Amino acid sequence: MALLLSPATFWFQILHPHNGFNKEILYLATLSVFAVLLSKFQISGIMASLYMSIAVVLVVLSHEGMVFYAPYFFALLVISGKTVRQAAIECSVPALLGLAVAYLCSQHSGNVEAASQICSSLGYKLDLEGNSQICAGGAIAYFTRSMAYARANTLDSMRKYHFLVVFPIFAAIAILPAVAESARMLRSRMKREVAVLWTTVVISFLGTVILFVYAYDWNRWIYIHIASITVLLLFMDGKIQRKSGDETPPNRQMTVKRQAAWAVIYVLYAILCFTPNAIQAASLGFLNRLTHSQHAMPPAAS
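Novice: How would you summarise the overall build of the protein if you had to cite specific residues and measurements?
Specialist: Along its length, the protein carries 14 helices and 2 strands. Here the protein holds 302 residues, and 38% of them are scored as buried. Considering only contacts within the protein whose residues lie at least 6 apart along the sequence, 72% involve residues at least 24 apart. Within the structure as shown, the protein displays about 17000 Å² of accessible surface, and the carbon and sulfur contribution to it stands at 66%.

So, in C-alpha cells, the structure goes:
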C-alpha cells in the first residue's frame, strides 16, 4: 500500500505535471504489460523475445537513456520462473537492438535546424531567448546544446540546489517501502526473486549514473527506478497469491487498532514524503500538490 501511495511511484505523474507525463511512460507501460502477460499466460521464449525487442526499440527511440532501465525486463523473466540462462538467451536480441538504437541516437543528437523543424510542426517558433513556450526548454531546446553544456548545467544545479544532500534523502525515503516489502517477500520464501530484484537494481542504477551526470532531472531518474521496483514487487506478490496455502506461511490477522495505526502511517507517508523537483525546492507530496492546485485555481467570477 505504501508503494502505491508513494509520491515516488505512480503518483509522480500527478504530483509533478511539469516533470511527469514524459517519455518514460512508454517504458513503464511496456514493463507493466509484460508483467501482466507473464502472470496470465504461458509465453514462449520466442514471443517474449519478440515483445521485448519491439518494446525496447520503441522505448529507446523515445528516449535513449531508457536503455539503462532495460535490465528490469530480464529480472521479470527470471522472477517469473525462468533460469538465468534462459532469460539471458531471450534477452540477447532485445539487448543488442537496444544498444544499437541507443548508439544510433547518440550519433544524431540534433541541431538548431532540427529543433526549428520540430517547433514549426507543433505550431511554435524556435526562439530560445525570452520564450516561455514549449520550444524554450526540455528536449527540443537541448537539440541546440552540446554535451558539455548539459554537463555544466547539471553541475551548476547540483551546487546551487544541494542535489547531493537533498536527493539521497529523497531516494532513501522513496525506497523504504520497497525494502520493507522485500523483507516480507523473504519471509514468504522468495529469496531467489528478491536477490534477482536487487541485483538488477544495482546493475541498472550503475548504468543510469550517466543520466545523473548529464541531466538535472534527478527526481525522474530516481522515480523510474522506484516505479520499476514496484512493478516487480507487485508481480512477486501476485506470484505468492497464486501459490497454494501449503507453500506459503499463513498471514497473521491484524487487530483493528493495528490496522488503523498502519492506515495512519500510510496516509502520513503519502502526505509528508517530500519530493524534490529538479531545480525547484523540495515539496511535501500530496499536501504540496493540493496547496499548488488551490493557488493555481482562477478566482471565481463575481
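Now, onward.
Novice: Which residues make up a nonpolar patch on the surface, and what values do they have?
Specialist: Together, Leu26, Met47, Leu50, Ile54 and Leu58 make up a nonpolar patch on the protein surface, roughly 450 Å² of accessible area in all. With 4 residues, helix α4 (residues 45-62) is the single largest residue contributor to the nonpolar patch. Position of Leu26 relative to the elements: it lies in helix α3 (residues 24-40). For Leu26, a relative accessible area of 34% translates into the label partly exposed.

Novice: So, the packing of aromatic side chains: which residues are in play, and what are the values?
Specialist: Each pair of aromatic rings is reported with the distance of its centres and the angle of its planes. Here the structure, examined in full by the defined rule, presents 10 aromatic pairs. Where Tyr27 meets Tyr69, the ring centres are 5.7 Å apart and the plane angle is 40°; that geometry is what we call tilted. Of this pair, Tyr27 sits in helix α3 while Tyr69 is found in the loop between α4 and α5 (71-79), placing the two residues 42 residues apart along the sequence. You'll find Tyr27 and Tyr69 in the same group, each marked buried. For the ring pair Phe167 and Phe170, a centre distance of 6.4 Å and an interplane angle of 85° mean the geometry is edge-to-face. Taken as a pair, Phe167 and Phe170 lie in helix α10 (residues 163-187) at a separation of 3 residues, close to a single helical turn. Given a relative accessible area of 3%, Phe167 falls into the buried group.

Novice: So what's going on with the pattern of salt bridges? Residues and values would help.
Specialist: The full count for this structure, using the stated rule, is 6 salt bridges. The closest approach of N and O atoms between Lys239 and Glu193, which form a salt bridge, is 2.9 Å. In this pair, Lys239 sits in helix α12 (residues 218-242) while Glu193 sits in helix α11 (residues 191-214), placing the two residues 46 residues apart along the sequence. On the accessibility criterion, Lys239 (17% relative accessible area) is buried. Owing to a relative accessible area of 8%, Glu193 belongs among the buried residues under this scheme. One salt bridge connects Arg220 with Asp217, and the closest N-O pair in it is separated by 3.0 Å.

Novice: Describe in detail the nonpolar core, supporting the description with residues and values.
Specialist: Ranked by internal contacts, the top residues of the largest apolar core, which has 49 residues, are Tyr27 and Leu232. Where this core is concerned, the elements lending two or more residues are α3, α4, α5, α6 (84-106), α10, α11 and α12.

Novice: Give me the lowdown on helix α9 (residues 147-160), citing residues and values where you can.
Specialist: The first and last C-alpha atoms of α9 sit 20 Å apart over 14 residues, in line with the 20 Å expected at 1.5 Å per residue. Every buried residue belonging to α9 is among Ala150, Asn153, Thr154, Ser157 and Met158, and all of these are buried. Across the axial projection of α9, the buried residues extend over an arc of 140°, all falling on one side. Set apart from the buried face of α9 by more than 90 degrees, the exposed residues are Ala148, Arg159 and Lys160. Positive phi shows up at His162, right after α9, with a value of about 55°.

Scoring rules and cut-offs
Residues numbered from 1 in each chain as written. Predicted model: local features only at pLDDT ≥ 70, side-chain atom pairs only at ≥ 80, totals over all residues. Heavy atoms only, no water. Helix = DSSP H or I, 4+ residues; strand = E, 2+ residues; numbered from the N terminus. Buried < 20%, exposed > 50% of the residue type's maximum accessible area, 1.4 Å probe, protein only. Contact = heavy atoms within 4.5 Å. Areas by Shrake-Rupley, 256 points an atom, 1.4 Å probe, with all protein chains shown as cover. Patch = residues over 30% accessible without salt bridge, like charges linked within 9 Å, V, L, I, M, F, W, Y side chains within 5 Å. Salt bridge = Lys/Arg side-chain N within 4 Å of Asp/Glu carboxyl O. Phe/Tyr/Trp six-rings, centres within 6.5 Å; stacked < 30°, edge-to-face > 60°. Core = buried A, V, L, I, M, F, W, Y, C linked by side-chain atoms within 4.5 Å. Expected span 1.5 Å × (residues − 1). Arc of directions from axis to C-beta.

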